[in-house]
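Chains, contacts and geometry: an overview
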Amino acid sequence: MMLTVEQILASQKANVETLLGLTTKAFEGMERIVELNMTASKAALAETSETAKALLSAKDAQELLALQSSLMQPLAEKTAAYSRHLYDIATGSTAEMSKAFEGQAAEAQQKFMGMVEDAAKNAPAGSESAVAVMKSAVAAASNALESVQKAVQQATEVAEANFNAVSATAVNSAKPAGKKR
């Protein structure tokens, strides 16, 4: 079965629209990262100024050490929050792109299956076994793609759980130890 000029043009148009959509999503993700970095930088600058003033006003070494110790927990929490926002932006952008790719793959698979069905209807007598093998290969490829998508989803979930555990550990390790009696 041959593709018509209209089918080829429609396919190319759909591919260009998908590419433009993915490019837009990538730019939106970058804009969110730049916005996050600007907000974090402004906050860090303000906090650095306040910290410097507090450190300069310390009356003795003990007060200075206490002040430094009290700054570690908020710093760890802010770092973890920043990392979490960055991770959320990255995973959100990746999820949007994955959905677009999955949609395109599903549509392409449906079109291909339609072409296989059309070819099977117009196949010469005696080619039933060849058509059956082709359909079986397409089904196997479809199952493999689905398995890969499930594996990627599971790996993403494991990575997110690990990220959350590491973030919690980092924040908890920065907490000052309780006073000993």
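Residues numbered from 1 in each chain as written. Predicted model: local features only at pLDDT ≥ 70, side-chain atom pairs only at ≥ 80, totals over all residues. Heavy atoms only, no water.

**Remarks on the overall build of the chain**
The number of helices and strands found in the chain is 3 helices and 0 strands. Listed by position from the N terminus, the elements making up the chain come as α-α-α. By the burial criterion, 10% of the 181 residues in the chain qualify as buried. Of the roughly 13,500 Å² that the chain leaves accessible, carbon and sulfur atoms contribute 65%. (Helix = DSSP H or I, 4+ residues; strand = E, 2+ residues; numbered from the N terminus. Buried < 20%, exposed > 50% of the residue type's maximum accessible area, 1.4 Å probe, protein only. Areas by Shrake-Rupley, 256 points an atom, 1.4 Å probe, with all protein chains shown as cover.)

**Re the side chain of S93**
Note on placement: S93 falls in helix α2 (residues 61-121). We classify S93 as buried; its relative accessible area is 11%. For S93, the side chain forms a polar contact with the side chain of R32, separated by 3.1 Å. (Polar contact = N/O pair within 3.5 Å; in protein donor to acceptor, adjacent residues only side chain to side chain.)

**Describing the confidence of the model for the chain**
Do not read the predicted coordinates in detail wherever pLDDT is low. Averaged over the chain, the pLDDT score is 78; the fraction of residues at 70 or greater is 87%. Taking the mean pLDDT of every element in the chain, the minimum, 73, falls on helix α3 (residues 128-174) and the maximum, 86, on helix α1 (residues 5-56). (pLDDT = per-residue confidence, 0-100.)

**Remarks on the pattern of salt bridges**
A complete count under the given rule lists 2 salt bridges for this structure. Close ionic contact of E47 with K78 constitutes a salt bridge, the shortest N to O distance being 3.0 Å. Residue E47 is found in helix α1, and its partner K78 is found in helix α2; the two are separated by 31 residues along the sequence. Taking the shortest distance from any N to any O, the salt bridge between D88 and R84 comes out at 3.4 Å. Within this pair, D88 and its partner R84 are both found in helix α2, separated by 4 residues, close to a single helical turn. Accessibility expressed as a relative area gives 39% for D88, which makes it partly exposed. (Salt bridge = Lys/Arg side-chain N within 4 Å of Asp/Glu carboxyl O.)

**Thoughts on α1**
A rise of 1.5 Å per residue sets the reference length of α1, with its 52 residues, at 76 Å; its end C-alpha atoms lie 75 Å apart and thus fit the reference within 8%. For α1, the set of buried residues is T18, L22, G29 and L36. (Expected span 1.5 Å × (residues − 1).)

**A closer look at the environment of Y82**
Note on placement: Y82 falls in helix α2. Between the C-alpha atom of Y82 and that of L36, which follows or precedes it by 46 residues, the distance is 7.9 Å. When residues no more than four places from it in sequence are discounted, the contact partners of Y82 are L36, N37 and A40. (Contact = heavy atoms within 4.5 Å.)

**Comments concerning the environment of L64**
Along the chain, L64 turns up in helix α2. A residue is classified by how much of its surface remains accessible, and L64, at 33% relative accessible area, is partly exposed.

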